[in-house]
Amino acid sequence: MYGANSLLEGLNPEQLRAVTLPNQSALILAGAGSGKTRVLTTRIAWLIQTGQVLPHGLLAVTFTNKAAREMLTRISALLPINTRGMWVGTFHGLCNRLLRAHFRDAGLPQTFQILDSADQLSLVKRLLKAMNVDDDKYPPKEVQYFINANKEAGRRASQVEIGTEFDGRLVELFTAYDAQCNREGVVDFAELLLRCFELLSRNEVLRAHYQRRFSHILVDEFQDTNRLQYRWLKTLAGQANAIFAVGDDDQSIYAFRGANTRNMAEFEREFARGQVIKLEQNYRSHGNILDAANALIRHNTARLGKNLWTAEGKGEALSYYEATSDAEEARFIVDEVRGLKREGVALTDVAILYRSNAQSRALEHALFTSGLSYRVYGGLRFFERQEIKHALAYLRLLANPEDDNALLRVINVPTRGIGARSLEQLQDVSRAQGVSLWQAACGTSLGGKAGAGVATFVRLVEQLKAGSEHLSLPQTVDHIIKASGLLAMYENDKDGQDRIDNLSELITAATVFAEDPVATLAMDEEGNVVVQENADPDGLVVLNNFLAHASLEAGEHQAGEGQDALQLMTVHSAKGLEFHTVFVTGLEEGLFPHENSLNDADGTEEERRLMYVALTRARRRLYLTAAQTRMLHGQMRYNIASRFIDEVPSELIRRLTPPPTFTRGGFAPSGNASPAPARGGFGSGPVTQPDPQSPWRIGQGVSHPKFGYGVIVSAEGRGDDARLQVNFREVGMKWLALQYAKLTPA
DNA sequence: ATTAGTGGTGTTTTT
DNA sequence: CACCACTAAT
């Protein structure tokens, strides 16, 4: 067939085999830069073009919204078809869609709202307080983690095995949490998946319907699926449908949120039955970069095994620069970027990667001073800013006034005389009568000033609701921003201009969203997408979709999209992207690999995979940088170079660093804008006095008979009580009692 | 009721 | 350092 041939042109034999696989499940092990997305999109186009399936019968799942958009764009480029019938989205996005279509069967109100992590945490905190739980013993974050981990494993509170009394209490909290969510009509991220999974497993009619519909299921980044997502896919596939799963176990970097690489092995056994295709030819990077990545990842034991190769030449060597401080590291990068710019490399094609968001500060500072334009991804996302969350909370109340979280967020913003005292009264009423805070606020007449404030608020929300009837979505947003008093509040604030700008940006976002036809589409009871004529007279459906969009896609939309700017982001958010030049920064023990992950082998292997992802982002030029000292938690930390540097064969690396000068011996390094005073002894806190006699200084290299080489990072106590914190190359951070440890200066 | 100020505490990565 | 929770002062 002529069309199909042109579609398949230029594929290598393995890619071709994967694309044209018969209708059966298969696992595609696709290395970094091996044309994974191309295979996925071409497969979809081929299936459609050869008449094996209509767009309607396709379901494609990704992990990020960006990946989903990319996939749709590329499919449209391959085939001149309407992609609307296809379901392409993230697990969370698709589950949201299913639950909105079948909210009754799922036991949810039509206007259910989605809690993001921060919302969830505040709900947990509220619950702990209400239930009189000691939050020292049960830190809110841990309770949150407990709930999510269980949901992601597919377990309801009633299904959690209780080992200890401690667990028992956690389960009680879990139960109470879910009850509260149900009362409020809100779902968290994990609930989105679990609820949807339960809906499909329990409702035979629905399940049969979707199984009949989606004859072809494709999954991107399969290594990132958790247990629940695996079971969700399995349920949707049923006995007859094929799952085409693409993944790379070496790029699994989300174990911390439940991703489970064992899913790949299990999938191979249960579905693919040996139908595994490896894509090992890399089209992205020059040889030296690939050799470095391959050598690094070979240090991991838990691998399915794969080795990338390229037909391209070796290219440049990698560069390694060990700066004396984080500021100096940033300065080096600025210089190099200037050079690259002169060579004609576009700034958008240059990425600066780091392990944690906090590291961007020092880099931003240097870049800002240098005048180079840059763009930071991640960090504080648009929909997570407080002014945006305030505005969204008012909108949520229009859709669903039972949403206690939303009510609490804005009941006194701007201030209207409702303090802790009145809130307590309100919460007492709500608890006693088993009603939402909103109902409590409407129903009761609290005495005195408190009552007046609450009544004002209730009237305000009712006015907002009445006032936005028959308004379009952007008009509604505009209206509530003004009528709620938010705008006036920020106008009175002398540094409120940025927030006002963001609020008007929110109106723009609503305008854009409302223009997108998908927003105004809905589904009939069978899950078929239908165009709505007058089905949404009060705009509630669009509003709900917009609010869901805000939770699920916290902030891809950021200013400065089109400009030629340097790209700053964490390694995690760089996955799937590629650049001409990549700087991998902060390569220090304790930072990358991160100290919290050094306790177990699994954690270290995940860090190494993360490093592998970082290295394989580069096409032509790759810089590795580290800093001997770094400001962290407001104090200076002294680090040794990351083990990952040593895991790259030294013949691939060109070392640019001049020999260290006077960085050892307790002096702050040169080139630092705010040099710390020389430190004579242990530590720097007021508790510990420097001891000029002592041979031990912060930053001093030491060796230990058992732990090997390390660097003194901090210290406390004096004399016999003195304890040193040492960052060891092999075993990480340790506290040692100076009196007993056999340390020698190195 | 609200604000300003204090002290203690903790910090990876994200849909 | 930055964020919180709590206290003292307005």
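Residues numbered from 1 in each chain as written. Chains lettered and ligands numbered in written order. Predicted model: local features only at pLDDT ≥ 70, side-chain atom pairs only at ≥ 80, totals over all residues. Heavy atoms only, no water.

1. Focus: the overall build of chain A
The helix and strand inventory of chain A stands at 28 helices and 23 strands. When burial is assessed residue by residue, chain A has 55% of its 746 residues classed as buried. The long-range share in chain A, meaning contacts at least 24 apart out of those at least 6 apart in sequence, stands at 75%. Roughly 32500 Å² of accessible area belongs to chain A as shown, and the carbon and sulfur atoms make up 51% of that amount. (Helix = DSSP H or I, 4+ residues; strand = E, 2+ residues; numbered from the N terminus. Buried < 20%, exposed > 50% of the residue type's maximum accessible area, 1.4 Å probe, protein only. Contact = heavy atoms within 4.5 Å. Areas by Shrake-Rupley, 256 points an atom, 1.4 Å probe, with all protein chains shown as cover.)

2. Some remarks on the packing of helix α9 (residues 189-202) against helix α11 (residues 227-237)
Packing of α9 against α11 leaves a shortest axis separation of 10 Å and a crossing angle of 30 degrees. Between α9 and α11, the crossing angle belongs to the class labelled roughly parallel. Seen along the crossing, α9 lies across α11 with a hand that is left-handed. For the pair α9 and α11, the contacting residues are Ala 190, Leu 193, Leu 194, Cys 196, Phe 197, Leu 200 and Ser 201 in the first and Leu 228, Gln 229, Arg 231, Trp 232, Thr 235 and Leu 236 in the second. (Axes fitted to C-alpha atoms, helices over the stretch in contact; angles between N-to-C directions. Parallel < 35°, antiparallel > 145°, perpendicular 65-115°, else oblique. Left-handed = near helix turned anticlockwise from the far one by under 90°.)

3. Focus on the confidence of the model for chain A
Overall, the prediction assigns chain A a mean pLDDT of 85, with 87% of residues at 70 or greater. Here residues 659-692 scores under 50 on pLDDT; set against residues more than four positions off or in separate chains, the count is 55 contacts. (pLDDT = per-residue confidence, 0-100.)

4. Let's talk about the pattern of salt bridges
Scanning all chains against the criterion turns up 45 salt bridges. Between Glu 595 and Arg 637 there is a salt bridge whose closest N-O contact spans 2.9 Å. With a gap of 42 residues between them, Glu 595 in the loop between β15 (579-584) and α27 (601-615) and Arg 637 in strand β17 (residues 635-638) connect regions that are remote in the sequence. In this structure Arg 637 comes out as buried when scored by relative accessible area, which is 11%. (Salt bridge = Lys/Arg side-chain N within 4 Å of Asp/Glu carboxyl O.)

5. Let's talk about the protein's contact with DNA strand C
All residues in the neighbourhood of DNA strand C are listed as Arg 361, His 633 and Gly 634. One of the side-chain N or O atoms of Arg 361 is found 3.3 Å from a phosphate oxygen in DNA strand C. (Near = heavy atom within 4 Å. Polar contact = N/O pair within 3.5 Å; in protein donor to acceptor, adjacent residues only side chain to side chain.)

6. Some words on the protein's contact with DNA strand B
In the region of DNA strand B, 25 residues are neighbours, and His 92, Arg 355, Asn 357, Arg 381 and His 633 sit closest. Here DNA strand B approaches the protein such that, of its atoms within 4 Å, sugar and phosphate make up 55%. Contact between DNA strand B and Ser 117: a base oxygen at 3.3 Å from a side-chain N or O atom of the residue. At 3.4 Å from a base oxygen of DNA strand B is found a side-chain nitrogen or oxygen belonging to His 572.

7. Examining empty space enclosed by the protein
As enumerated under the stated definition, the model contains 1 cavity of 30 Å³ or more in all. Approximately 30 Å³ is the volume found for the largest cavity. Forming the boundary of the largest cavity are Asp 326, Glu 329, Ala 330, Gln 359, Ala 362, Leu 363, Thr 585 and Arg 630. For the lining of the largest cavity, the elements supplying multiple residues, two or more each, are α14 (326-343) and α15 (360-370). The element that contributes the greatest number of residues to the lining of the largest cavity is α14, accounting for 3 residues. Considering only residue class, the lining of the largest cavity consists of 3 nonpolar, 2 polar and 3 charged. (1 Å grid on protein atoms, 1.4 Å probe; cavity = no way out; pocket = protein on both sides within 12 Å on 5 of 7 lines; lining within 4 Å. Points joined across faces, edges and corners; volume = space filled by probe spheres on them. Nonpolar A, V, L, I, M, F, W, Y, C, P; charged D, E, K, R; others polar.)

8. Section: the sheet that holds strand β1 (residues 26-30)
If you trace the 6 strands from one edge of the open sheet to the other, you get β3-β2-β6-β7-β1-β8, paired in parallel fashion. Sheet topology places β3 (87-90) and β8 (276-279) at the edges, where each strand pairs with a single neighbour. Each strand axis lies, on average, 15 degrees off the axis of its neighbour in the sheet, ignoring direction. In terms of strand pairing, β1 meets strand β7 (residues 242-247) through 4 bridges, oriented parallel. Along β7, the bridge assignment pairs Leu 29 with Gly 247. Here helix α4 (residues 65-78) sits on the sheet and contacts β2 (58-62) and β3; the angle it forms with β3, its principal contact strand, is near 155 degrees. (Pairing = 2+ DSSP bridges.)

9. Topic: the packing of aromatic side chains
Counted under the stated rule, the structure contains 19 aromatic pairs. A ring pair is formed by Phe 146 and Phe 174, whose centres lie 6.3 Å apart and whose planes are at 85 degrees; its orientation type is edge-to-face. You can see Phe 146 sitting in helix α7 (residues 140-152) and its partner Phe 174 sitting in helix α8 (residues 165-184), a full 28 residues away along the chain. For Phe 146, a relative accessible area of 15% puts it in the buried group. Measuring from centroid to centroid gives 5.0 Å for Phe 222 and Phe 267, while their planes differ by 55 degrees, and the two rings are tilted. In this pair, Phe 222 sits in the loop between β6 (216-219) and α11 while Phe 267 sits in helix α12 (residues 262-272), placing the two residues 45 residues apart along the sequence. (Phe/Tyr/Trp six-rings, centres within 6.5 Å; stacked < 30°, edge-to-face > 60°.)

10. Examining a negative patch on the surface
Residues Asp 493, Asp 495, Asp 498, Asp 501 and Glu 505 make up a contiguous surface patch of negative charge. Tracing the backbone shows Asp 495 in the loop between α22 (486-492) and α23 (497-515). (Patch = residues over 30% accessible without salt bridge, like charges linked within 9 Å, V, L, I, M, F, W, Y side chains within 5 Å. Lys, Arg positive; Asp, Glu negative; His and termini not counted. Charge placed at Lys NZ, Arg CZ, Asp CG, Glu CD.)

11. Focus on the side chain of Asp 326
By secondary structure assignment, the location of Asp 326 is in helix α14. In this structure, Asp 326 is buried with no salt-bridge partner, the nearest side chain bearing the opposite charge being Arg 630 at 4.7 Å. When near neighbours in sequence (up to four residues on either side) are disregarded, Asp 326 contacts Ala 362, Ala 627, Thr 629, Arg 630 and Met 631.

12. Quick look at the pairing of β3
Taken together, the 4 bridges between β2 and β3 define a ladder with parallel strand orientation. Residue pairing in the sheet places Leu 59 in a bridge with Trp 87 of β3. For the crossover that starts at β2, traverses α4 and ends in the parallel β3, the hand is right-handed. (Right-handed = clockwise from strand over helix to strand, strands pointing away.)

13. Topic: α7
The periodicity of an α-helix, 3.6 residues per turn, causes residues three or four places apart in sequence to face the same way. When the terminal C-alpha atoms of α7 are compared, their 18 Å separation across 13 residues agrees well with the 18 Å that a helix rising 1.5 Å per residue should span. Of all the positions in α7, only Pro 140, Val 143, Gln 144, Phe 146, Ile 147, Asn 148, Asn 150, Lys 151 and Glu 152 are classed as buried. Residues of α7 that are buried sit in contact with α6 (117-130), α8, β5 (186-188), α9 and α11. Positive backbone phi, at 85 degrees, marks Gly 154, one or two positions downstream of α7. (Expected span 1.5 Å × (residues − 1).)

14. A word on the environment of Val 124
Checked against the element boundaries, Val 124 lands in helix α6. For Val 124 and Pro 139, which are 15 residues apart along the polypeptide, the C-alpha to C-alpha distance reads 9.7 Å. Residues within four places of Val 124 in sequence aside, it is in contact with Pro 140, Val 143, Ile 147 and Tyr 177.

15. Looking at the environment of Ile 289
Checked against the element boundaries, Ile 289 lands in helix α13 (residues 287-297). We classify Ile 289 as buried; its relative accessible area is 2%. Along the primary structure Ile 289 and Ala 565 are separated by 276 residues, whereas in three dimensions their C-alpha atoms are 24 Å apart. Discounting residues that sit within four places of it in the chain, Ile 289 has contacts with Leu 318, Leu 615, Ala 618, Arg 619, Arg 620, Arg 621 and Leu 622.

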